[in-house]
Amino acid sequence: MNLNHKFYQWGGIAFMLGNVLFVVNKIDEMSRHFFGRPMPDVISGDDILLILIGQIGLIIGYVAFYKFYTPRVGRQAKIALTLFCVGGIILAIGHVAFMSAQTDFMFVFVFIGLLILLIGLIWFGVLNLRQPMMNGWRWLPLATGLMGLIGFFFFSGAEITANFLAFRTLFALGLIGLGFTLWSEKSVQTEFAQ
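This write-up is about the structure you can find in this document. All figures in this text were calculated on a predicted structure; none of them were measured in a lab.

### A short note on the nonpolar core
At step 1: Among the nonpolar cores identified, the biggest contains 38 residues, and F65, F84, F171 and L178 are the most heavily contacted of them.
At step 2: Where this core is concerned, the elements lending two or more residues are α1 (3-24), α3 (48-69), α4 (75-101), α5 (107-130), α6 (140-154) and α7 (162-184).
At step 3: Counting residues per element, this core draws most heavily on α7, which supplies 8 residues.
At step 4: What L178 contacts, discounting residues up to four positions off in sequence, is F15, F65, F84, L121, M134, L140 and P141.

Take a look at the structure:
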């Protein structure tokens, strides 16, 4: 097994870890909304180190995802993957900056990153359905992107709702699935043309 393949596998693991923390971040809200039981925050805004670890895991995962798939896909899919991964990195950096600076201005980076990420992921998902570029779960990128779009743009607001939490969780689980797919990919893959 070569070093590049190990990087992709570790990138997949880092991506899964970052997204598990993304889910855990709202477990207190999910417990309150779905089970009627309040519980303390598992990850609060004061846990800067844990948030930083999660965001670094996500950045490593996005870089690994990009480096693994772009040499194997056509031009349109490369653009879509670039948007997905660059948007994800902007989102991760925006989260850390927003949490550490505690300024509303930094939230603009979170919004822009999320928007770019979702456009790229949905576009890549459509292309992946037309001509598979990932092993297994052909529908996963598109379904994940749509869950994020619905959750963050139709159900988000000043108050956290059960619908928002459901779609946010499905989005995060889809991203965990993408990390698992990256982790389980073979080091040699057929070239795809778009």
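### Structural notes on the pattern of salt bridges
At step 1: Taken as a whole, this structure holds 1 salt bridge when the rule is applied.
At step 2: For R32, the salt bridge identified is with E29, shortest N-O distance 2.6 Å. Here the residue R32 and the residue E29 both occupy positions in helix α2 (residues 27-35), the gap between them amounting to 3 residues, near one helical turn.
At step 3: By relative accessible area, E29 is classed as buried at 16%.

### A look at unusual backbone geometry
With the exception of glycine, most residues fall at negative phi, and the peptide bonds are largely trans.
At step 1: Positive phi, close to 45 degrees, is recorded for W137, a residue that is not glycine.
At step 2: For W137, the position within the fold is in the loop between α5 and α6.

### Observations regarding the packing of α5 against α6
At step 1: At their nearest, the axes of α5 and α6 sit 7 Å apart, and the two run at 145 degrees to each other. You can see that α5 and α6 cross each other, and the crossing is left-handed. Residue-level contacts link F111, L114, L115, L118, L121, I122, F124, G125, V126, N128 and L129 of α5 to P141, L142, T144, G145, L146, G148, L149, F152 and F153 of α6.

### Observations regarding the side chain of R72
At step 1: With respect to the element layout, R72 can be found in the loop between α3 and α4.
At step 2: R72 sits in the buried class, given a relative accessible area of 12%.
At step 3: A distance of 2.4 Å separates the side chain of R72 from the backbone oxygen of F68, its partner in a polar contact.

Each value, and the rule that gives it
- Residues numbered from 1 in each chain as written.
- Predicted model: local features only at pLDDT ≥ 70, side-chain atom pairs only at ≥ 80, totals over all residues.
- Heavy atoms only, no water.
- Core = buried A, V, L, I, M, F, W, Y, C linked by side-chain atoms within 4.5 Å.
- Buried < 20%, exposed > 50% of the residue type's maximum accessible area, 1.4 Å probe, protein only.
- Helix = DSSP H or I, 4+ residues; strand = E, 2+ residues; numbered from the N terminus.
- Contact = heavy atoms within 4.5 Å.
- Salt bridge = Lys/Arg side-chain N within 4 Å of Asp/Glu carboxyl O.
- Axes fitted to C-alpha atoms, helices over the stretch in contact; angles between N-to-C directions.
- Left-handed = near helix turned anticlockwise from the far one by under 90°.
- Polar contact = N/O pair within 3.5 Å; in protein donor to acceptor, adjacent residues only side chain to side chain.

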